[in-house]
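Analysis of the macromolecular model
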Amino acid sequence: MPTLFTKIIDGDIPARFVYKDDLVVAFLTIEPMHAGHTLVVPRAEYDHWIDMPPELNAHVWAVAQRIGKAIDKAFSPHRVGVLVVGDEVPHVHVHVTGFETVSELSFANARHDVTAEEFDEWADLLRAALAK
């Protein structure tokens, strides 16, 4: 059975994509810790990041770094961090988000009040930063 992320990748569930290639996609999470919080997800379904082939793992991290640089450029956070947890969806995904203090890197800080307009603005800012 396809994962939630496979359904997003296949277009069955809408998402705000900021990056796509043959191996990986990146889209805004619906429960962001900060502006621009993005998930980097391989198209292939792997439950655990340590199970990915080394080449795919390297590519996921290269894209995560590129997204991190775009978040830094677009939103100017104190730092950009990554989280790999993978407990809630059994499909590898790297959370890339800006933060001001390390204590903010908690899913307890996820925002549930972001408007569609804010998400659209964030996606546009990230796409523009990635295009440069």
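Quick note: structure is the one above.
Think of each chain on its own: its residues are numbered from 1, step by step along the sequence as written. Given that the model is predicted, a residue must reach a pLDDT of at least 70 before its local features are reported, and side-chain atom pairs must reach 80 or more before they are shown or counted; all residues, however, enter totals for whole chains, interfaces and linings. With hydrogens and water stripped out, all remaining heavy atoms of the structure feed into the side-chain values.

**So, the packing of aromatic side chains**
Centres within 6.5 Å make a pair out of two Phe, Tyr or Trp rings, where for Trp the six-membered ring is used; the pair is then stacked when the planes are under 30 degrees apart, edge-to-face when over 60, and tilted otherwise. What the rule picks out here adds up to three aromatic pairs. Taken together, a centroid distance of 5.7 Å and an interplanar angle of 65° make the contact between F5 and F27 edge-to-face. Of this pair, F5 sits in helix α1 (residues 4-9) while F27 sits in strand β2 (residues 24-28); the two residues are 22 residues apart in sequence, bridging distant segments of the chain. Note on exposure labels: buried denotes an accessible area under 20% of the residue type's maximum, exposed denotes more than 50%, and partly exposed covers the range between, all computed with a 1.4 Å probe on protein chains only. Looking at F27, the relative accessible area reads 3%, which means it is buried. Ring geometry for F17 against F27: centres 5.6 Å apart, planes inclined by 70°, an arrangement best described as edge-to-face. Here the residue F17 occupies a position in strand β1 (residues 17-20), and F27 occupies one in strand β2, the gap between them amounting to 10 residues. Here F17 and F27 have matching classes, each one buried. Each helix corresponds to a stretch of at least 4 residues labelled H or I by DSSP, and each strand to a stretch of at least 2 residues labelled E; elements are numbered beginning at the N terminus.

**Thoughts on the sheet that holds strand β5 (residues 94-99)**
For two strands to be treated as a pair, DSSP must find no fewer than two bridges joining them. Strand order in the open sheet made by the five strands is β1-β2-β3-β5-β4, with antiparallel pairing throughout. Both outer strands of the open sheet, β1 and β4 (79-83), are each paired with one neighbouring strand and no more. For this sheet, the mean angle separating the axes of adjacent strands, direction not counted, is 20°. Packing of helix α2 (residues 54-75) onto the sheet brings it into contact with β1, β2, β3 (38-42), β4 and β5, and relative to β5 it is tilted by some 20°. In this fold helix α3 (residues 116-131) packs onto β1, β2 and β3, with an angle of close to 35° to the strand it touches most, β1. Here an angle of 0 to 180 degrees is reported between the N-to-C directions of two axes, which are lines fitted to C-alpha atoms, with helices fitted over the stretch in contact. Only heavy atoms enter the contact rule, under which two residues are in contact if any of them lie within 4.5 Å.

**Digging into the nonpolar core**
One finds V18, Y19, V40, V60, I67 and V96 to be the most contacted residues of the largest nonpolar core, which totals 24 residues. Elements that contribute at least two residues to this core include exactly β1, β2, α2, β5 and α3. Top contributing element to this core by residue count: α2, with seven residues. The residues contacting Y19, other than those within four sequence positions of it, are V24, V25, A26, H59, V63, R66, I67 and L130. In these notes, a set of buried Ala, Val, Leu, Ile, Met, Phe, Trp, Tyr and Cys residues joined through side-chain atoms within 4.5 Å is what counts as a nonpolar core. Within the second largest apolar cluster, nine residues are counted, among which are F5, I8, I9 and V41.

**Focus on the environment of T6**
Secondary-structure assignment places T6 in helix α1. By relative accessible area, T6 is classed as buried at 12%. Separated by 35 residues in the primary sequence, T6 and V41 place their C-alpha atoms 9.2 Å from one another. A distance of 2.5 Å separates polar atoms of two side chains, one belonging to T6 and the other to E45. N or O atoms within 3.5 Å of each other form a polar contact, as long as, within protein, one can give a hydrogen and the other can take it, and as long as residues adjacent in sequence are counted only when both atoms are side-chain atoms.

The values reported here are purely geometric and, on their own, carry no functional implication.
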